[in-house]
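For reference, the chains in residue letters:
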Amino acid sequence: MTTSDSKPENDKTDTSNPEAGESLDFVRAIIIEDNKTGKFDQRVHTRFPPEPNGYLHIGHAKSICLNFGIGQEFPGGQCNLRFDDTNPTKEEQEYVESIQADVKWLGFDWEDRLYFASDYFDQMYDYAEQLIMAGKAYVCELNAEETRQLRGSLFAEGQDSPHRNRSVEENLDLFRRMRAGEFEDGSRVLRAKIDMKSPNLNMRDPIMYRILTARHHRTGDKWCIYPMYDWAHGLEDSMEGITHSICTLEFENHRPLYDWFLDALGIYHPQQIEFARLNLTYTVMSKRKLLQLVTEKRVNGWDDPRMPTISGMRRRGYSPQAIRNFCKTISVNKFNSTIDIALLDHCLRDDLNKTSPRVMAVLKPLKVIIDNYPDDKIDMLEAINNPEDESAGTRLVPFTKEMYIEQDDFMEDPPKKFFRLAPGREVRLRYAYFVTCTDVVKDENGQVVELHCTYDPETRGGNAPDGRKVKATLHWVSATESVPAEVRLYDHLFTKENPDDVGEDEDFKDSLNPDSLEVLTGCRVEPILKDARVEDRVQFERLGYFCVDKDSTPEHLVFNRTVGLRDMWAKIKKAANPNPNPNPNPNQKKNKKK
């Protein structure tokens, strides 16, 4: 009865038709116009190019959905998965495998188009020699500090390297000796010969190759020089026949360099398009900072359910459809913005509400004994699995003399607006009977440990034949038939809305939330969950949405709280837009330039 991603027919990707005007953002508008004019012969070919130096996060999901989505939406469209593995000191096969798993889990398929930058190292090298022979690249022996000083700044022009005017023959000889391993790491680089006075710092003779004696996860020890991303990026796109190279906004100033390299070589030239990356409240998106959290053991690995990584979100109980819906909702734009995490929660609830079976679980049990119920009787009551999905059917829930309710659902001396169980008060037990509290048992410390109640057998199913009403309905489980479970309650990893907003002597980790995880033991769940599988998602009625954790075993069930039932985004949107015709994009605010 539980749901997970083992049923792909329930989790298909959306295939909107952008030609018909659906899901039309500025990137798709550019592609549609290119198709109208016959640019690229009406081909549409994108790529998702992660660096295998960490696990993917929700920001990468936005790019995955955009690139693979475009590949799906346009007739004959394609999208490659390409690893930009140009820095062997930070790349691992573990990251390669995790990235592939994440893309597939999100519902996308690169088919036979899996590539690596390292596939093209030989051709990239040949292209570099071509630029050298054309007098457009040179070997430079300045160290990093000297290079920085001569580069200039936004307010000062750069100065030529003393090695800039070496002969073609000398540059070619030095570059080949760099490849042969004759020089120490950092002693020489290959630079493009462009314009040291350019107002764009990226055009001031950028580095194309550096010496780096490190074993590569795919090519081994074949290379001791490695291409820089700006050099490799456009060449990879060109060699793969990419039409639209979609990057995040920080590469906008790199586009002239992208164009220069391709034009200088006279090879096929894709179009680079930039969009704003995702920023999310209470979240850090830097892979460097996420790695720091992992290596310092501030979290329990890359797939810790508090992490914004796709694997962490998957473990927490997010569905691929919810993430895709979120990415579709926020769309893409050309300005930096910060999305309220409440919108992500809203998209998550919206999907889980439709797909998650309902079950009952008691997280902080309080025993209830029905004094007038037969000792050995088990009444199997019919319960609805999902009111949003009639095809989900019903299940049978055992009702017995002893049961558990939530501790918070009882008060001995309730305030005026507390309508749940109290001495002398009658309430409804979900799908079961009306019960009335008749006695309260306390321990030596005065804590309530047990309640005694009576039930009305005429109210089976939850309604009274005489028409009397009750003001509260409680969830419950049988004390004898339910099964024990551990439940992990997760909250935001950071207490600050913007963890990166720190003072001079502060660190982003200073705002880590000490209450981001609460582990509850001794919880009780319906017996139907004893066979639940890892990543199965359910709604614990009245409590929220939960997912079976990978630590779970048949002998020790473990559930993660994915998200609560309260939808804060709906309240935020209603408060911000009391007008019945709300702003179509209330979730985004343009960031002010500092």
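Right above here is the structure, for reference.
This text gives an overview of the structure that appears in the document. (Residues numbered from 1 in each chain as written. Predicted model: local features only at pLDDT ≥ 70, side-chain atom pairs only at ≥ 80, totals over all residues. Heavy atoms only, no water.)

Here we come to the packing of aromatic side chains. Working definition: an aromatic ring pair is given by the centre-to-centre distance plus the angle between the planes. A complete count under the given rule lists 22 aromatic pairs for this structure. Geometrically, the ring pair formed by Y95 and W302 is edge-to-face, given 6.1 Å between the ring centres and 80 degrees between the ring planes. Taken together, the residues span a long stretch of sequence, with Y95 in helix α3 (residues 93-105) and W302 in the loop between α9 (287-295) and α10 (310-316) at a distance of 207 residues. Ring centres 5.1 Å apart and planes at 65 degrees place the aromatic pair Y373 and Y455 in the edge-to-face group. In this pair, Y373 sits in the loop between β12 (365-370) and β13 (379-384) while Y455 sits in strand β18 (residues 448-456), placing the two residues 82 residues apart along the sequence. Just as Y373 is buried, Y455 falls in that class too. Through a chain of ring-to-ring contacts, three or more aromatic side chains come together here, namely F121, Y125, F175, Y209, W223 and Y226. (Phe/Tyr/Trp six-rings, centres within 6.5 Å; stacked < 30°, edge-to-face > 60°. Helix = DSSP H or I, 4+ residues; strand = E, 2+ residues; numbered from the N terminus. Buried < 20%, exposed > 50% of the residue type's maximum accessible area, 1.4 Å probe, protein only.)

This part is about the pattern of salt bridges. A complete count under the given rule lists 51 salt bridges for this structure. With its nearest N and O atoms 3.8 Å apart, the salt bridge here joins D160 to R164. Residue class for R164 comes out buried when judged on its relative accessible area of 11%. A salt bridge links E296 to K509; the nearest nitrogen and oxygen atoms lie 3.9 Å apart. With a gap of 213 residues between them, E296 in the loop between α9 and α10 and K509 in the loop between β21 (483-490) and β22 (517-525) connect regions that are remote in the sequence. Each member of the salt-bridge network shares a partner with another, and the members are D303, R315, E486, R488, D549, K550 and D551. (Salt bridge = Lys/Arg side-chain N within 4 Å of Asp/Glu carboxyl O.)

Below, the discussion takes up a nonpolar patch on the surface. A cluster of nonpolar side chains, contributed by I378, M380 and L396, occupies part of the molecular surface with about 270 Å² of accessible area. In this structure, M380 sits in strand β13. (Patch = residues over 30% accessible without salt bridge, like charges linked within 9 Å, V, L, I, M, F, W, Y side chains within 5 Å. Areas by Shrake-Rupley, 256 points an atom, 1.4 Å probe, with all protein chains shown as cover.)

Attention now moves to helix α1 (residues 26-37). If you check α1, its first and last C-alpha atoms are 17 Å apart, about what twelve residues at 1.5 Å a residue would give, namely 16 Å. Within α1, burial applies to V27, R28, I31, I32, D34 and N35. Mapping the buried residues of α1 onto a view down its axis gives an arc of 160 degrees, with all of them on the same face. Opposite the buried face of α1, at more than 90 degrees from it, the exposed residues are K36 and T37. If you follow the buried residues of α1, they end up packed against α2 (58-73), β8 (244-248) and β9 (271-275). (Expected span 1.5 Å × (residues − 1). Arc of directions from axis to C-beta. Contact = heavy atoms within 4.5 Å.)

What follows concerns the sheet that holds strand β3 (residues 114-116). Spatial strand order, β1-β2-β3: three strands in an open sheet with parallel pairing. Edge positions in the sheet fall to β1 (45-48) and β3, since each has one partner strand and no second. Taking the axes of each pair of neighbouring strands and ignoring which way they run, one obtains an average angle of 35 degrees across the sheet. Pairing analysis gives three bridges linking strand β2 (residues 78-83) to β3, with the strands arranged parallel. (Pairing = 2+ DSSP bridges. Axes fitted to C-alpha atoms, helices over the stretch in contact; angles between N-to-C directions.)

Moving on to the environment of F508. Locating F508 in the fold gives a position in the loop between β21 and β22. Note: C-alpha distance between F508 and N498 (ten residues apart in sequence) is 9.0 Å. In contact with F508, not counting residues within four places along its chain, are V284, K289, Q292, L293, F494, P499, D500 and V502.

Attention shifts here to the nonpolar core. In terms of nonpolar packing, the biggest core is built from 39 residues, with M124, L131, F175, L190, M208, Y209 and W231 touching the most fellow members. For this core, the secondary structure elements donating two or more residues are α4 (121-133), β4 (137-140), α6 (168-180), β5 (189-192), β6 (207-211), β7 (225-227), α7 (229-240) and α8 (255-265). Once residues lying within four places of it in the same chain are set aside, the contact partners of L131 are K136, A137, M208, W231, W260, F261, A264 and L265. Counting 38 residues, the second-largest nonpolar core is a separate cluster that includes V103, L280, L344 and L348. (Core = buried A, V, L, I, M, F, W, Y, C linked by side-chain atoms within 4.5 Å.)

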